[in-house]
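A look at the structure
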Protein chains: 2
Amino acid sequence: MKLQQLKYIIEIEKHHFNISLAADALFTSQPGVSKQIKLLEDELGCLLFLRSGRKLTGLTETGFKIMCYAKKILADVSNIYTISEEYTSPEKGQLNIVTSHTQSQYSLPCVIKRFNAKYPKISINIHQGTPLQISNTIRKGEADLAIATEALHLYKDVVMLPCYHWHRSIIVPKTHTLATTKTLTLHQLSLYPIVTYQFAFTEGSPLDITFSLSGLTPNVVFTATDADVIKTYVKQGAGVGLIASMAITKKDADSFHIIDVSTLFKPSTTCICIKKGTFLRLYMYEFIVLFAPHLTRDIIEKAMHLSDEHSLDKLFSCFTLEVK
Amino acid sequence: MKLQQLKYIIEIEKHHFNISLAADALFTSQPGVSKQIKLLEDELGCLLFLRSGRKLTGLTETGFKIMCYAKKILADVSNIYTISEEYTSPEKGQLNIVTSHTQSQYSLPCVIKRFNAKYPKISINIHQGTPLQISNTIRKGEADLAIATEALHLYKDVVMLPCYHWHRSIIVPKTHTLATTKTLTLHQLSLYPIVTYQFAFTEGSPLDITFSLSGLTPNVVFTATDADVIKTYVKQGAGVGLIASMAITKKDADSFHIIDVSTLFKPSTTCICIKKGTFLRLYMYEFIVLFAPHLTRDIIEKAMHLSDEHSLDKLFSCFTLEVK
DNA sequence: AGTCGTTACGATGCCCGTAAGGATA
DNA sequence: TATCCTTACGGGCATCGTAACGACT
């Protein structure tokens, strides 16, 4: 067995079992890839791929299990390279973050500024994505850390480190009928068309639960991944905007009437998510502690070794998180 | 990086940084090994081994971290081979068990008989060892499972699956002054020389704690790993024997006076220990369930994914273990 | 006919083992 | 002087890429 063969089978799976595409992605010839997977199958004495005729169509049961370990192995190989980079050039490196628009626009900039001052040679890449994209990216090891609010609890191979709580606000144009209101009930809110984030009202989400517990149905007319887009539509009179309070700038106070609804909805918690078993470089720990001061290296390392939510909750029970 | 290079560095560490010995163990030439580790160090751009002159003397800090991942990688490689064997020849294979003398002599034989009837083609290897040897063997992945009573709680990379509780008995020659006694106090026991298992009274052990809580000091004159040896010495009048009740055969009732001391000492728990992340073959699950009927595949898989003792305790809280 | 995978073949390059050299105790 | 690691060199083998072939859509 060779590491290269494991790389090959992973790439083949990634390209939906098209060997030619996989070979291209691996910058090698297609017959070479074919031959190597054949050699691997011969050595192991079993087929890894299902075939119809000559084409590969999927993984066998054995192939699936082996693929899981192959991914683990390559992740660890990549960890070894990371360790050596940490040693050879501690100041250089990359920091790949995948997160939502709100984070990258409103909460990350000042952290990145401070981080950049300390580590000017680290190149920072920020990828934006939907919750689903975020979770996939982090699970594939394509980003070092994710900053997300929900939806990653499900996976055992990802740790969630709670960073801070945040509340929501309603924004309406200054000319809106609600423009004089200071407080709002859930019932009142349900009477207006709502413009908010994508996925904010997916089944089982905190907002969805709050509404259904009171027997009300929100009237969501438009969703975006982007608070700025929501603001634009609200300005045009598309509906009342329901966004994170931290996405409201000083300038927005001129354009909108803002109603704090932190009493209506439970606060959400923003978390840093890391794939378990990943070797983190010193500067990554530094970045995290800049983002959330209570997440010291010690705490992070402890959290990464825990398995269930219960132990995590216990670990973080002694912290009072900042509210934004 | 190649898998072979990782094998080489692991073997070098295993042989106390003697490249020549490592090369012998790997059935290859010494210069070949030298060259490969040099290539690896060049590729990673950092030294893995400390050197004094030309000799290797130890691991660098980086080397140590990399070694950890190298071991993980090779363990997963070996898991892949195991998976393919499971597919190609489900009934063939090996079952390597490392355990204490008491288990292998008194509790395993009947399980192995039943197992062998079901899987005649699996060759079973039983290694005996001291608690320390047992834990090392399982952590190095040199055995599939360990059956042990204590001392493996410490390691995060090993799961402990509780199997049954067991009690202790005192044995004395029929001519002994205690030969007419049916019950015994801790104080009485402390007045006699004791012959028992090695490590039974190491600091922090259940027996040690029981004695020190009552302010008494046991007088241990002789220890063995082996209940049979203990019996021999007790027969010769060396002292009173303190052994597991399950190590007492019908025949022993003729030679010894037996006093049950289950009221004096808390019962101990025998556990099956498995290295986390190991792929277990079907027959291994079968063996375990024969040994402890409550340890079904489902339960074992759950336990192997848990990290802390607390969650494990919770998982097993619904079972009432057999007492032997 | 076009896409995709297999087989065949020649060249490159890597790895291994032997042999010789140097350092250290 | 014995042990142990490094360097040097030649042979063998695995891998790679090109090219031609076969199967399926």
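To start, this report covers the structure provided alongside it. Treat the numbers as computed from the prediction; the structure is a model and nothing was measured. (Residues numbered from 1 in each chain as written. Chains lettered and ligands numbered in written order. Predicted model: local features only at pLDDT ≥ 70, side-chain atom pairs only at ≥ 80, totals over all residues. Heavy atoms only, no water.)

Quick word on the protein's contact with DNA strand C
Around DNA strand C, the structure places 20 residues, and the nearest of them are Gln30(A), Ser34(A), Lys2(B), Gln4(B) and Thr28(B). A distance of 2.9 Å is found between a phosphate oxygen of DNA strand C and a backbone nitrogen or oxygen belonging to Ser29(B). Broken down by secondary-structure element, the contributors of at least two residues to the surface near DNA strand C are helix 2 (19-25) and helix 3 (30-44) of chain A together with helix 1 (3-14) and helix 3 (30-44) of chain B. At 4 residues, helix 3 of chain A tops the list of elements feeding residues into the surface near DNA strand C. Class assignment for the residues of the surface near DNA strand C results in 7 nonpolar, 8 polar and 5 charged. (Near = heavy atom within 4 Å. Polar contact = N/O pair within 3.5 Å; in protein donor to acceptor, adjacent residues only side chain to side chain. Helix = DSSP H or I, 4+ residues; strand = E, 2+ residues; numbered from the N terminus. Nonpolar A, V, L, I, M, F, W, Y, C, P; charged D, E, K, R; others polar.)

Describing the relation of the copies chain A and chain B
Once chain A is rotated about the relating axis by 180° and shifted along it by 0.0 Å, it coincides with chain B to within an RMSD of 0.2 Å. Within this description, the copies of the chain are treated as partners about a two-fold rotation axis. Same-surface contact between copies: 100% of interface residues of chain A are shared with the interface of chain B. (Least-squares fit on C-alpha atoms with pLDDT ≥ 70 in both. Contact = heavy atoms within 4.5 Å.)

Focus: the sheet that holds strand 13 (residues 322-323) of chain A
Residue and element names in this part refer to chain A. In spatial order, the strands read 4-3-5-12-6-13; together these 6 strands make up an open sheet with mixed pairing. Edge strands, defined here as strands with exactly one partner in the open sheet, are strand 4 (122-128) and strand 13. Alignment of strand 3 (residues 93-99) against strand 5 (residues 145-148), held across 3 bridges, turns out to be parallel. The residue of strand 5 that forms the bridge with Val98 is Ala146. On the sheet, helix 6 (residues 131-139) packs against strand 3, strand 5, strand 6 (158-166) and strand 12 (268-275) and is oriented at approximately 160° with respect to strand 5. (Pairing = 2+ DSSP bridges. Axes fitted to C-alpha atoms, helices over the stretch in contact; angles between N-to-C directions.)

As for the interface of chain A and chain B
Note on interface size: it is often stated as the accessible area lost on association of the parts. The partner chain B presents 34 residues to the 34 residues of chain A that form the contact. Of the roughly 3,100 Å² buried between chain A and chain B, counting both surfaces, carbon and sulfur atoms make up 69%. Area buried by chain A at its contact with chain B is led by Met1(A), Tyr69(A) and Ile80(A), which between them contribute 20% of it. Summed over the shared surface of chain A and chain B, the result is 2 salt bridges. Between Lys72(B) and Asp76(A) there is a salt bridge, with the nearest N and O atoms lying 3.4 Å from each other. Taken together, the connections running from chain A to chain B amount to 6 residue pairs in polar contact (both at pLDDT 80 or more). For the side of chain A that touches chain B, the elements supplying multiple residues, two or more each, are helix 1 (3-14), helix 3, helix 4 (61-88) and helix 13 (309-316) of chain A. (Buried area = accessible area lost by both parts, 1.4 Å probe. Salt bridge = Lys/Arg side-chain N within 4 Å of Asp/Glu carboxyl O.)

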